[in-house]
Amino acid sequence: MLRRSLAALAIVLTGCATSLAEPAEEVGMVSEADRPEWRLVIHGGAGVILRENLTPEREAAYTAALETALEAGAAVLRDGGSAVDAVQAAVIPMEDDPLFNAGHGAVFTAAAEHELDASIMSGADRDAGAVAGVKRVKNPILAARAVMDQSEHVMFAGSGADAFAELVGLELVENSYFDTEGRRLSLERVLRERSRNDADRHGTVGAVAIDQDGNLAAATTTGGMTAKAAGRIGDSPLIGAATYAQNSVCAVSATGHGEYFIRVAVAKTICSRVELAGESVGAAAQSALDQVADLGGDGGVVVIDGDGRYEYVFNSKGMYRGMIDPEGMETAIFEQE
Ligand code: ASP
């Protein structure tokens, strides 16, 4: 169920789930009056998420977690803070929440460890930062942000990334901090059955935002997929694959089967279609996800354009998702809501 105030119904009608590939409005048709003062859109992973498989208690817990993340990011935007700070603020509570496959609650690798990936991008200057395969940074998105702000580089990987995080004073934890019983059981099952189900990789989190100055930003963070080989890197830390932001064009955060999202360069493909072909973010995202599906992959994205128009687009059976702006908040989980 989409949860938001009635006052915001008009906005719900312009920014809606497009797993059904509804035609989106063309970029450029948003009047000044329709532009939100600010807006934040988040996801908590896409996959086979069916109402019959989710208890009411668990559904309520996911909804509450999405609302907490939305409120954390909105607090930044309401105060005139930047889109970059807002996406970071929205992602942190989801990294800390064991419901999601990011930070505490991340999936296990085949070696029964956690290797975390994160990326962040600022649309104003297309500055970006990312970390891949970190094992000790409590909040990988903060490490990605530090790479962007405090290094001359865009990406650090492995032990060097953990060392960089330590150097800039971020909180480090034992790798076991990320453990949860549910993820351990999933690892045992995957190793026993030698196959992953969809839930073994969903739960990646991400956010896109537009701030009061019209700046866009995007962030994505994940534990990857259950029983991944040590050293496997997915799309989440790759600028242009899972994360992209370019002012006046669009911002994207993706979740799904990373190998396919990398090959389609999903996030950059969407933004390029918007910029060069003049497509709406919804149409561009649908096109990129169609390419993912053609190759055999699935997943979804949250996208927002330079006028603050947003879409949730996914080709999976559900995606944890939500939006907040000055008019209100909405969250949804299942394919049809
Ligand atoms: N994209 C992530 C990865 O491949 C997983 C996910 O989003 O479900 O590592």
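Predicted model only: the values in this text are computed from it and were never measured.

J.: Got a minute to help me understand helix α6 (residues 181–193) in this structure?
T.: At 3.6 residues per turn, the α-helix brings residues three or four places apart onto the same side. Taking 1.5 Å of rise per residue, 13 residues should cover 18 Å, and α6 covers 18 Å from first to last C-alpha, within 8% of that figure. Of all the residues in α6, the buried ones are R183, S186, L187, R189 and V190. The buried residues of α6 occupy an angular sector of 165° when the element is viewed end-on, so they sit on one face. Exposed and facing more than 90 degrees away from the buried side of α6 are E181 and R192. Looking one or two places after α6, you find R194, whose phi comes out positive at around 55°.

J.: Which parts of the structure should I look at to understand the sheet that holds strand β10 (residues 310–314)?
T.: Two modes of strand pairing occur in sheets, parallel and antiparallel, and in both the strands are linked by backbone hydrogen bonds. Strands sit in the order β7-β8-β9-β10 across an open sheet of four strands; the sheet is antiparallel. On the outer flanks of this sheet lie β7 (243–246) and β10, each paired with one strand and no other. Strand after strand, the sheet turns through a mean of 10° between neighbouring axes, direction not considered. The pairing of strand β8 (residues 250–256) with strand β9 (residues 299–305) spans seven bridges and is classified as antiparallel.

J.: What should I look at first to understand the pattern of salt bridges in this one?
T.: As a working rule, side chains carrying opposite charge can pair if their charged atoms are close by. For the coordinates displayed, the defined rule picks out 13 salt bridges. In this structure, D325 and R39 form a salt bridge, with 2.7 Å as the shortest nitrogen-oxygen distance. Taken as a pair, D325 in strand β11 (residues 319–325) and R39 in strand β1 (residues 39–46) lie far apart in primary sequence, 286 residues in all. Taken individually, D325 and R39 each receive the classification buried, so the pair is uniform in this respect. Of the charged contacts, one joins E335 and K317 as a salt bridge, the two residues approaching to 3.7 Å between their closest N and O atoms. One end of the pair, E335, is in the segment after β12 (328–332); the other, K317, is in the loop between β10 and β11, and 18 residues separate them in sequence. On the basis of relative accessible area, E335 is assigned to the partly exposed category, the value being 25%. Judged by its relative accessible area of 44%, K317 is partly exposed. Residues joined in a network through salt bridges with shared partners are D85, R145 and D149.

J.: What exactly am I supposed to notice about the state of the cysteines here?
T.: Working definition: the covalent bond between the sulfur atoms of two cysteines is a disulfide. Inspection of every chain in the model, using the stated rule, returns one disulfide. One disulfide bridge connects C250 with C271, the sulfur atoms lying 2.2 Å from each other. Its S-S torsion of approximately -110° makes the covalent link between C250 and C271 left-handed. One end of the pair, C250, is in strand β8; the other, C271, is in helix α8 (residues 266–277), with 21 residues separating them in the sequence.

J.: Just checking my understanding: could you explain the layout of surface pockets for this structure?
T.: Rolled over the atoms, a probe with the dimensions of a water molecule shows which regions are left empty. Space inside the largest pocket adds up to approximately 450 Å³. What lines the largest pocket is a set of 21 residues, among which R58, Y62, A199, H202 and Y320 lie closest to the centre. Where the lining of the largest pocket is concerned, the elements lending two or more residues are α2 (56–78) and α6. In terms of residue count, α6 provides more of the lining of the largest pocket than any other element does, four residues in total. A breakdown of the residues in the lining of the largest pocket according to their chemical character gives nine nonpolar, eight polar and four charged.

J.: When you look at the sheet that holds strand β6 (residues 216–222) in this model, what are you seeing that I'm missing?
T.: Strand order in the open sheet formed by eight strands is β4-β3-β2-β6-β5-β1-β11-β12, and the pairing between neighbours is mixed. Of all strands in the sheet, those with a lone pairing partner are β4 (155–157) and β12, marking the two edges. Recorded for the sheet is a direction-independent mean angle of 5° between the axes of neighbouring strands. Relative to β4, strand β3 (residues 127–134) runs parallel, the two sharing three bridges. Each bridged residue has a counterpart across the sheet, and for A130 the counterpart in β4 is M155.

J.: So what exactly am I meant to see when it comes to the packing of aromatic side chains here?
T.: A ring pair, where both rings are aromatic, is described by two values, the distance of the centres and the angle of the planes. Counted under the stated rule, the structure contains five aromatic pairs. On the numbers, 4.6 Å between centres and 15° between planes, the contact of F156 with F164 is stacked. For the pair F156 and F164, a shared accessibility class is recorded, and that class is buried. Members of the aromatic cluster, joined through ring pairs, are Y62, F100 and Y320.

J.: Teacher, can you tell me more about the nonpolar core here?
T.: When a protein is soluble and globular, its nonpolar side chains tend to lie buried together. Among the nonpolar cores identified, the biggest contains 52 residues, and L40, I42, V87, F100 and I120 are the most heavily contacted of them. It is α2 that provides the largest number of residues to this core, a total of eight residues. If we ignore the near neighbours within four places in the chain, the residues touching I42 are L66, A69, L70, A90, M94, G206, A207, V302, Y312, Y320, R321 and G322. Counting 40 residues, the second-largest nonpolar core is a separate cluster that includes M121, A245, Y260 and V302.

Cut-off values and rules
Residues numbered from 1 in each chain as written. Predicted model: local features only at pLDDT ≥ 70, side-chain atom pairs only at ≥ 80, totals over all residues. Heavy atoms only, no water. Helix = DSSP H or I, 4+ residues; strand = E, 2+ residues; numbered from the N terminus. Expected span 1.5 Å × (residues − 1). Buried < 20%, exposed > 50% of the residue type's maximum accessible area, 1.4 Å probe, protein only. Arc of directions from axis to C-beta. Pairing = 2+ DSSP bridges. Axes fitted to C-alpha atoms, helices over the stretch in contact; angles between N-to-C directions. Salt bridge = Lys/Arg side-chain N within 4 Å of Asp/Glu carboxyl O. Disulfide = S-S within 2.5 Å. 1 Å grid on protein atoms, 1.4 Å probe; cavity = no way out; pocket = protein on both sides within 12 Å on 5 of 7 lines; lining within 4 Å. Points joined across faces, edges and corners; volume = space filled by probe spheres on them. Nonpolar A, V, L, I, M, F, W, Y, C, P; charged D, E, K, R; others polar. Phe/Tyr/Trp six-rings, centres within 6.5 Å; stacked < 30°, edge-to-face > 60°. Core = buried A, V, L, I, M, F, W, Y, C linked by side-chain atoms within 4.5 Å. Contact = heavy atoms within 4.5 Å.

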